[in-house]
Amino acid sequence: MDTQTVHKEDLNLFTNARLQFERALTWIDDIKVGLIDYLINPKRTIHVRFPIHMDDGSIKTFHGFRVLHNRVRGPGKGGIRYHPNVTAAEVTALAAFMTWKTAVVDLPFGGGKGGVVCNPKELSRGELRRITRRFVTELGDAIGPHTDIPAPDVYTDQQTMAWIYDTFDMMHPGENNLAVVTGKPLEIGGSVGRNEATARGSLYATEQLLKRGVVPGLDTLDGARVAVQGYGNAGSIAARLFHEVGARIVAVSDSRGAICCDDGLDPDTVLAHKNETGSVVGYPGATAISNEELLVYDCDVLIPAALECQIRADNADDVKAKLIVEDANGPLTIAADNILQEKGTVVLPDIVANAGGVVVSYFEWVQNLENQQWDLEKVERRLRKKMNRAVDETVDCWNELTAKHETGLNGAETGPTLRDAALVTAIKRLATVILQRDIWP
Ligand code: NAD
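Residues numbered from 1 in each chain as written. Predicted model: local features only at pLDDT ≥ 70, side-chain atom pairs only at ≥ 80, totals over all residues. Heavy atoms only, no water.

Participant: Explain the overall build of the protein chain to me, please; I cannot follow it from the model alone.
Facilitator: A tally of regular secondary structure across the protein chain gives 15 helices and 12 strands. A globule of 441 residues ought to have a C-alpha radius of gyration of about 22 Å, and the protein chain, at 21 Å, matches this closely. Taking the principal axes of its C-alpha atoms as reference, the protein chain extends roughly 60 × 55 × 50 Å. Split into buried and exposed, the 441 residues of the protein chain put 59% on the buried side. For the protein chain, long-range pairs separated by at least 24 residues make up 69% of all intrachain contacts whose partners lie at least 6 apart in sequence. Placing the 47 positive and 59 negative side-chain charges of the protein chain at their respective mean positions leaves the two points 5 Å apart. (Helix = DSSP H or I, 4+ residues; strand = E, 2+ residues; numbered from the N terminus. Rg over C-alpha atoms; globule rule 2.2 N^0.38 Å. Buried < 20%, exposed > 50% of the residue type's maximum accessible area, 1.4 Å probe, protein only. Contact = heavy atoms within 4.5 Å. Lys, Arg positive; Asp, Glu negative; His and termini not counted. Charge placed at Lys NZ, Arg CZ, Asp CG, Glu CD.)

Here's what the structure looks like:
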């Protein structure tokens, strides 16, 4: 790929989300044209600015936002991220992914996402608590158990969710407010299995996809060579769970670099090394490689579990994996999608692959509303059922679209991808509900 092409590639996440959506639309011929704008753009974006007393006695103003992308199938659902570079465009794209994800796994939710521009690595616990409490107060009734339900995302965790719940509960005394937020600590209404739900869901989805026989040359994870980008919540747990079913973890990475070992890495001791030293790099017996090399490492399954736009026009052609399982949101650009499709690489798209997190968030919400506590066996059984069904419906749709393509009637140059099929399934579900509810007034 020449440098000009690389420079021309648009890495704005919302642009990529829009292009994915538009590509999927070419496979739907009976959608009401007037709905398209409503289905891609957010319903509402709230911007808030608020001052906080810092520990050194100064006052600093912070900027936060919450995007409610769509709520025709139920209340908005999606995380809140604290990051110095978070933008409204990024959060809007992530909120759109949530709308499509909740539709394709058939949860009674819409899509939302929020963020506060701040650097948690430079903030004290007290400053983070004051930011969270003030942000929730500013959002007021824009969030709630039946309107829009936050969850953890990049650099927010169980503690942040506990502060969100507590603040909302102070604002609405005398009600059961547990369901206002998910990803809470177990002691205040969190669900067992939530912590590893994203990775576990991606394992179940991958197993089901392989059973359906749509990945040429790969029908089992037993003995499969797996590379994982990112060793945080999603990546490190995926490495452990894929290893447990017989896969060989041949390369892993984090923000400081990557390591590989063709004999296989032990995910637990790699995690212990990372916890001790701050990085997977330097793990005894492994060879250091760059993050770029990890993405094109010789493997059967590549799991991007770190950031957006990692596989692009400039490196997609060098990817060796037969299957990419998108644990991260938006790790591939649309150009990468096209290149990989041409190469025959199968991509299990983010809105299916990493949906396990929101599925178990939904279980947490149900338990909170019913004042119940499920056990782990029930959570995992129901998660597997949800993931299997989402994969089956996506593959069935993909088969239908492929048959349609073979007739030559739809005019598309290339056949459908699994992402097209997942989005078609989601968009059709949303359009159906909009028309069943009918447009008010
Ligand atoms: P996390 O913060 O726990 O982990 C992120 C990891 O990525 C860290 O190990 C970090 O060092 C690494 N990383 C950062 N930059 C990197 C780079 N350039 N190269 C390689 N590694 C790099 O975050 P997480 O919760 O695991 O989320 C990771 C991705 O999965 C995000 O895209 C997130 O939106 C998505 N996701 C997470 C969940 C969940 O429940 N945790 C659910 C759905 C989607």
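Continuing now.
Participant: What exactly am I supposed to notice about the domain arrangement of the protein chain here?
Facilitator: Where the parts come together, the accessible area they lose is often given as the size of the interface. What the domain assignment reports for the protein chain is domain 1 (41-188) and domain 2 (197-353). Between the C-alpha centres of domain 1 and domain 2 the distance comes to 29 Å. Contact residues are listed per partner, giving eight residues for domain 1 and six residues for domain 2. Where domain 1 abuts domain 2, roughly 600 Å² becomes buried across the two surfaces, and 59% of that area is made up of carbon and sulfur atoms. Of all residues in domain 1, Phe 97, Lys 101 and Val 104 give up the largest surface area on contact with domain 2, accounting jointly for 58% of the area buried on that side. Our count for the contact surface shared by domain 1 and domain 2 stands at one salt bridge. Joining domain 1 to domain 2, the criterion identifies two residue pairs in polar contact (both at pLDDT 80 or more). (Domains from an automatic or database assignment. Buried area = accessible area lost by both parts, 1.4 Å probe. Salt bridge = Lys/Arg side-chain N within 4 Å of Asp/Glu carboxyl O. Polar contact = N/O pair within 3.5 Å; in protein donor to acceptor, adjacent residues only side chain to side chain.)

Participant: It is not clear to me how the site of the ligand should be interpreted in this structure. Could you clarify?
Facilitator: Surveying the vicinity of the ligand reveals 21 residues, the closest of which are Thr 198, Asn 233, Ala 234, Ser 255 and Asn 329. Contacts to the ligand include Asp 327, whose backbone N or O atom sits 3.3 Å from an oxygen atom. The protein chains hide 78% of the 830 Å² of surface that the ligand would expose on its own. Every element with two or more residues in the shell around the ligand is listed here: α8 (233-244) and β7 (248-254). (Near = heavy atom within 4 Å. Areas by Shrake-Rupley, 256 points an atom, 1.4 Å probe, with all protein chains shown as cover.)

Participant: Explain the sheet that holds strand β10 (residues 301-304) here, please?
Facilitator: Sheets are built from strands paired through backbone hydrogen bonds, the pairs being either parallel or antiparallel. With respect to topology, seven strands assemble into an open sheet ordered β9-β8-β7-β6-β10-β11-β12, the strand pairing being mixed. The sheet is open, and its two edges are formed by β9 (287-289) and β12 (346-348), each paired on a single side. This sheet shows a mean twist of 20° between the axes of neighbouring strands, independent of strand direction. Of the pairings in the sheet, the one linking strand β6 (residues 225-229) to β7 comprises five bridges and is parallel in character. Considered in β7, the bridge of Val 226 is made with Ile 249. The strands touched by helix α7 (residues 197-211) within the sheet are β11 (323-325) and β12, with β11 carrying the most contacts at an inclination of about 150°. (Pairing = 2+ DSSP bridges. Axes fitted to C-alpha atoms, helices over the stretch in contact; angles between N-to-C directions.)

Participant: What should I look at first to understand a positive patch on the surface in this one?
Facilitator: On the surface, Lys 43, Arg 44, Arg 71 and Arg 437 cluster together into a positively charged patch. Inspection of the secondary structure puts Lys 43 in the loop between α3 (33-40) and β1 (44-53). (Patch = residues over 30% accessible without salt bridge, like charges linked within 9 Å, V, L, I, M, F, W, Y side chains within 5 Å.)

Participant: What exactly am I supposed to notice about the side chain of Thr 198 here?
Facilitator: Among the structural elements, Thr 198 can be located in helix α7. Residue class for Thr 198 comes out buried when judged on its relative accessible area of 13%. When sequence neighbours within four positions are dropped, the list of residues in contact with Thr 198 reads Ala 234, Ala 353, Asn 354, Gly 356 and Gly 357.

Participant: Please explain helix α9 (residues 267-277) as it appears in this structure.
Facilitator: Every α-helix winds through 3.6 residues per turn, so residues three or four apart in the chain are directed the same way. Within α9, burial applies to Pro 267, Val 270, His 273 and Lys 274. Down the axis of α9, the sector holding all buried residues measures 120°, keeping them to one side. The exposed set on the far side of α9, more than 90 degrees from its buried face, consists of Asn 275 and Glu 276. Downstream of α9 by a residue or two, Gly 278 has a phi angle that is positive, lying close to 95°. (Arc of directions from axis to C-beta.)

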